[in-house]
Amino acid sequence: IDFYEKAIEKDPDNIKIKFDISNCYLMDGQDNNAVFILQEIARDNPAQATDTYERIFNILYENEDWSGINNLLQTCNDPEIVNKFQEYLCKKPEFSQKEGEYDETLYLELQSAINGFVYYTLDGSDPDENSLLYTEPIYLESGEYDVKAVFVNEYGVKSEISEAKYNIDVKIPLAPMVSIESGSYNVPITIKVDSDIDCETYY
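All figures in this text were calculated on a predicted structure; none of them were measured in a lab. (Residues numbered from 1 in each chain as written. Predicted model: local features only at pLDDT ≥ 70, side-chain atom pairs only at ≥ 80, totals over all residues. Heavy atoms only, no water.)

Account for the overall build of the protein chain, with residues named and values stated.
Scanning the protein chain for helices and strands turns up six helices and 11 strands. For the protein chain, the C-alpha radius of gyration of 30 Å lies well beyond 17 Å, the compact-globule estimate for 203 residues. If one aligns the C-alpha atoms of the protein chain with their principal axes, the spans along those axes are about 110 × 30 × 25 Å. For the protein chain, buried positions account for 33% of its 203 residues. Relative to all contacts within the protein chain whose residues are 6 or more apart in sequence, the contacts with residues 24 or more apart total 49%. By element, 46% of the accessible surface of the protein chain is carried by carbon and sulfur atoms, the whole surface being about 14000 Å². In the protein chain, the 15 positive side-chain charges and the 41 negative ones have mean positions that sit 8 Å from each other. (Helix = DSSP H or I, 4+ residues; strand = E, 2+ residues; numbered from the N terminus. Rg over C-alpha atoms; globule rule 2.2 N^0.38 Å. Buried < 20%, exposed > 50% of the residue type's maximum accessible area, 1.4 Å probe, protein only. Contact = heavy atoms within 4.5 Å. Areas by Shrake-Rupley, 256 points an atom, 1.4 Å probe, with all protein chains shown as cover. Lys, Arg positive; Asp, Glu negative; His and termini not counted. Charge placed at Lys NZ, Arg CZ, Asp CG, Glu CD.)

Here's what the structure looks like:
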């Protein structure tokens, strides 16, 4: 390793030396250093990126470093690699409605592109596995909501937290006005009912 490090100082763009020293790091149990060197190769040599990312993935997989795999895929610019290992990717949930003020009730969907679980809160606290499990659209009626959601994949890796605030102000219509008072009548009568604008009246 010492000799390879000196060789890299003299020839920092030599890919073969970098691959060789990454193998030496692995044999010596220095997995983090091996991953660091391989990431340099992938970044500086796009033609080698696919094979290099696969090597990195294998190292992280053997160590069951699911968070490391997620971080790797989040920063990877190779769509082939991302698609191949997307089951390990952990993106934060997306909201079906933009945050803001509404004058009607909402059904809010929390969307995730891959398998896993979405947990959420409505009071602004950070969600975790002990929070509400999302299984169906969330009904938001009149009130203020600070919705936070987190995605947890099948390997227990958590995404970043998504947050959106909603102010639901549903205007309740006034009771209909009846033109004639209730009571007993001995002749036919016509009853007129007035209601709020844009309202329908049922009887």
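Can you lay out the nonpolar core for me, pointing to particular residues and giving the numbers?
Core analysis: the largest hydrophobic core is formed by 46 residues, its most contacted members being Tyr 53, Phe 95, Leu 108, Leu 110, Leu 140 and Tyr 166. For Leu 140, the residues in contact, after removing those within four places along its chain, are Thr 105, Leu 106, Leu 108, Tyr 145, Tyr 166 and Ile 168. (Core = buried A, V, L, I, M, F, W, Y, C linked by side-chain atoms within 4.5 Å.)

Any chance you could break down unusual backbone geometry for me, citing the residues and the numbers?
Non-glycine residue Glu 64 carries a positive phi angle of around 55°. Assignment of secondary structure puts Glu 64 in the loop between helix 4 (49-62) and helix 5 (66-75).

So what's going on with a nonpolar patch on the surface? Residues and values would help.
A cluster of nonpolar side chains, contributed by Val 178, Tyr 185, Val 187, Ile 189, Ile 191 and Val 193, occupies part of the molecular surface with about 530 Å² of accessible area. Following the sequence through the fold, Ile 189 ends up in the loop between strand 10 (177-178) and strand 11 (193-194). (Patch = residues over 30% accessible without salt bridge, like charges linked within 9 Å, V, L, I, M, F, W, Y side chains within 5 Å. Salt bridge = Lys/Arg side-chain N within 4 Å of Asp/Glu carboxyl O.)

Run through the pattern of salt bridges, naming residues and quoting values.
One pass over the full model with this rule turns up six salt bridges. Lys 84 serves as the salt-bridge partner of Glu 54, at 2.7 Å between the closest nitrogen and oxygen. With a gap of 30 residues between them, Glu 54 in helix 4 and Lys 84 in helix 6 (residues 79-84) connect regions that are remote in the sequence. Close ionic contact of Lys 148 with Asp 126 constitutes a salt bridge, the shortest N to O distance being 3.0 Å. Separated by 22 residues along the polypeptide, Lys 148 in strand 8 (residues 143-152) and Asp 126 in the loop between strand 5 (117-121) and strand 6 (132-133) bring together distant segments of the chain.

Describe in detail a negative patch on the surface, supporting the description with residues and values.
On the surface, Glu 101, Asp 103, Glu 104, Glu 144 and Asp 169 cluster together into a negatively charged patch. Looking at where Glu 104 falls in the secondary structure, it is placed in the loop between strand 2 (100-102) and strand 3 (106-108).

If you had to explain the sheet that holds strand 2 to someone new, which residues and values would you point to?
Strand order in this open sheet of five strands is 2-9-8-5-6, and the pairing throughout is mixed. Edge positions in the sheet fall to strand 2 and strand 6, since each has one partner strand and no second. (Pairing = 2+ DSSP bridges.)

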